[in-house]
Each structure stands twice: as structure tokens, then as C-alpha cells.
Amino acid sequence: MPITILLADDHAMVRRGLHVFLSTQTDMKVVGEASNGQEALEQAEKLQPDVVLMDLHMPVLDGIETARRLRTLLPGIRIIVLTSFADQDHVIPAVRAGVKGYLMKDIEPEDLAVAIRNVYAGQAELHPVAAGQLMHVMASSDVSLQEQQSVSADPSATGQIQEQQKLKQPLQMNGTSPGPDMLTRREQEVLGLIARGLSNKEIAVQLVITEKTVKTHVSHLLDKLGLADRTQAAIHAVKNGWV
């Protein structure tokens, strides 16, 4: 069965271009189009697509609110944002609204197809700049929490906060939290470049290796750290001060 996709963008030319390209993918099928957020909700409820690929800036109902309502209306739906904006005012609300992909409109067509497949499979897909914005916010939140802990005069409250932090720690292996020392030198280099927001292609150029080799290193480090995707790896590395 092909991945069914609903396109939502207020520009007809954008929808047309996406429709033409996605129609060339044998495992994908565009089942509908919408020119604004309200139409997207109505079409999604009617067509029950696997994936909604939509812009953020749309009339009647913007992409953020559309995403929130879609997640309530159809909890299992995968939402991918395709936009021209990658600042915090757009990225963070979109992620909080439940989008699983945040991509820029200058993405290469084949990369878009790969991203759709990955999101459909349950992975998150964030443009490097969007991932950087998310990591910045999370790192800032951690600093604020640490400052609150340092001035807390209530031992019991501090203990509760520490317990909550333990619950948020990544998957543990052999009783200890995965650390950078379990990665090879090359895997650590790749992880550092991921955390800086570089794509696989850019990492390959930086390290003078093939893109296929980069993908192999990424796969290995994700397995070792018990993480699902490169976005989680980047956030994990920043939060733990590895980079």
C-alpha cells in the first residue's frame, strides 16, 4: 500500500509542483489538496491520509493551529511542515503542536521523499537549522532548571526534582547512562557535527569520507546510545555537554 499524502499550501504552484514530483514515487500517492488550514482539516477527516505535508503560513487557519487540531482529530496522523521559516517563533510552536517533520522549501526533491518515508515509519525529520533552534531552547531550559535547583532551600523539593530528571534521562545500558566514551573517535566526530546542524552530505565533506560511510556511523552511534534518530542524538549530545 502506498503512503497516502494530503498537500496543504495556499500557493497553487507549490501544490502542483509537489503533486507532480510525489506522483513519480511508486510508494506514495497524493490523495488530496487544500489551500488553507480549514480545508486541510476537512480533507484530512474525509480522506484519512497517512501524512499531511503543509505550509505554516496559510489563510483562514495557520499551520500551527491546523497541526494542533489535526492531532486531536486524527491522533495517528503524521504531519510534516514544509516552510521557508526556521526561527524559534515557528519551529518551537510547530514541534509542540505535534509535527513530526520540519523541513525547508529549498529541500532537494529526493531528500523530501526520504523524509516522508522516515516520518511515515515513525522517525522525526528536522532541518538542521530547526534542530539547532530546538536544542538551544532545551539547553536553555536545562540551565534554568539547574539555577532553580541551586537556590532551592527545600531538600524534599530538590529530591523530587532530581527524581523527575532521572525519569528524563536517556535509555540506560548495563546500569549506566550511555556516554561518549562508548563511541569510536569517528562516531564522536560525526555526533559533534550532527549537533552543529550539519547534514550527512556536509559531514562527508568535512571529514573527507563518503555520505554512505556517514550514514553507517550515524546508524552505529544511534544503536549504541539507544536513540531513534539523529535529532534525538543531537539534542542528547548538547544536553549532556558532550559538544
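Placed above this text is the structure.
Residues numbered from 1 in each chain as written. Predicted model: local features only at pLDDT ≥ 70, side-chain atom pairs only at ≥ 80, totals over all residues. Heavy atoms only, no water.

## Some details on a negative patch on the surface
The criterion, for reference: Residues form patches when they are more than 30% accessible in relative terms and have no salt bridge. Like charges link within 9 Å. Nonpolar side chains (Val, Leu, Ile, Met, Phe, Trp, Tyr) link within 5 Å. Only the protein chains shown count as cover for residues, and the accessible areas themselves come from Shrake-Rupley with a 1.4 Å probe. Only one rule defines a salt bridge in this text: a Lys or Arg side-chain nitrogen within 4 Å of an Asp or Glu carboxyl oxygen. For this count, His and the chain ends are skipped, Lys and Arg are scored as positive, and Asp and Glu as negative. The location of each charge is read from NZ of Lys, CZ of Arg, CG of Asp or CD of Glu. Runs of H or I in DSSP of at least four residues are treated as helices and runs of E of at least two as strands, each being numbered from the N terminus.
A surface patch of like charges, here negative, comprises Asp106, Glu108, Glu110, Asp111 and Glu211. The residue Asp111 is located in helix H5 (residues 109–120) in this model.

## What about the pattern of salt bridges?
Going by this rule: Exposed residues in this analysis have more than 50% of their type's maximum accessible area, buried residues have under 20%, and partly exposed residues fall in between, with area computed by a 1.4 Å probe over protein chains only.
Under the criterion given, the structure shown has nine salt bridges. Among the ionic pairs, Glu33 bridges to Arg15, the shortest N-O distance being 3.1 Å. Here Glu33 is found in strand S2 (residues 28–34), whereas its partner Arg15 is found in helix H1 (residues 12–22), with 18 residues between them in sequence. Residue classification places Glu33 among the partly exposed positions, given a relative accessible area of 28%. What makes Arg15 buried here is its relative accessible area of 13%.

## Notes on unusual backbone geometry
Phi at Gln48 takes a positive value of approximately 55°, unusual for a residue other than glycine. Tracing the backbone shows Gln48 in the loop between helix H2 (37–47) and strand S3 (51–54). On the accessibility criterion, Gln48 (46% relative accessible area) is partly exposed. If you check the backbone angles, Val208 has positive phi at about 55° while not being a glycine. Position of Val208 relative to the elements: it lies in the loop between helix H9 (200–207) and helix H10 (211–225).

## A short note on the sheet that holds strand S6 (residues 125–126)
The following threshold applies: Any two strands with at least two DSSP bridges between them are considered paired. Residue contacts are defined here by distance: any two heavy atoms, one from each residue, within 4.5 Å place the two residues in contact. Here the axes come from fitting lines to C-alpha atoms, over the contacting stretch only for helices, and the angles between their N-to-C directions go from 0 to 180 degrees.
Judged by pairing direction, the sheet is parallel, and its six strands sit side by side in the order S2-S1-S3-S4-S5-S6 without closing on themselves. Strand pairing shows two members of the sheet lacking a second neighbour, S2 and S6, which therefore form its edges. One ladder, built from two bridges, connects strand S5 (residues 101–104) with S6; its direction is parallel. Paired with Tyr102 across the strands is Leu126, a residue of S6. Those strands touched by helix H3 (residues 63–73) are S3 and strand S4 (78–83), and its axis lies near 170° from that of S3.

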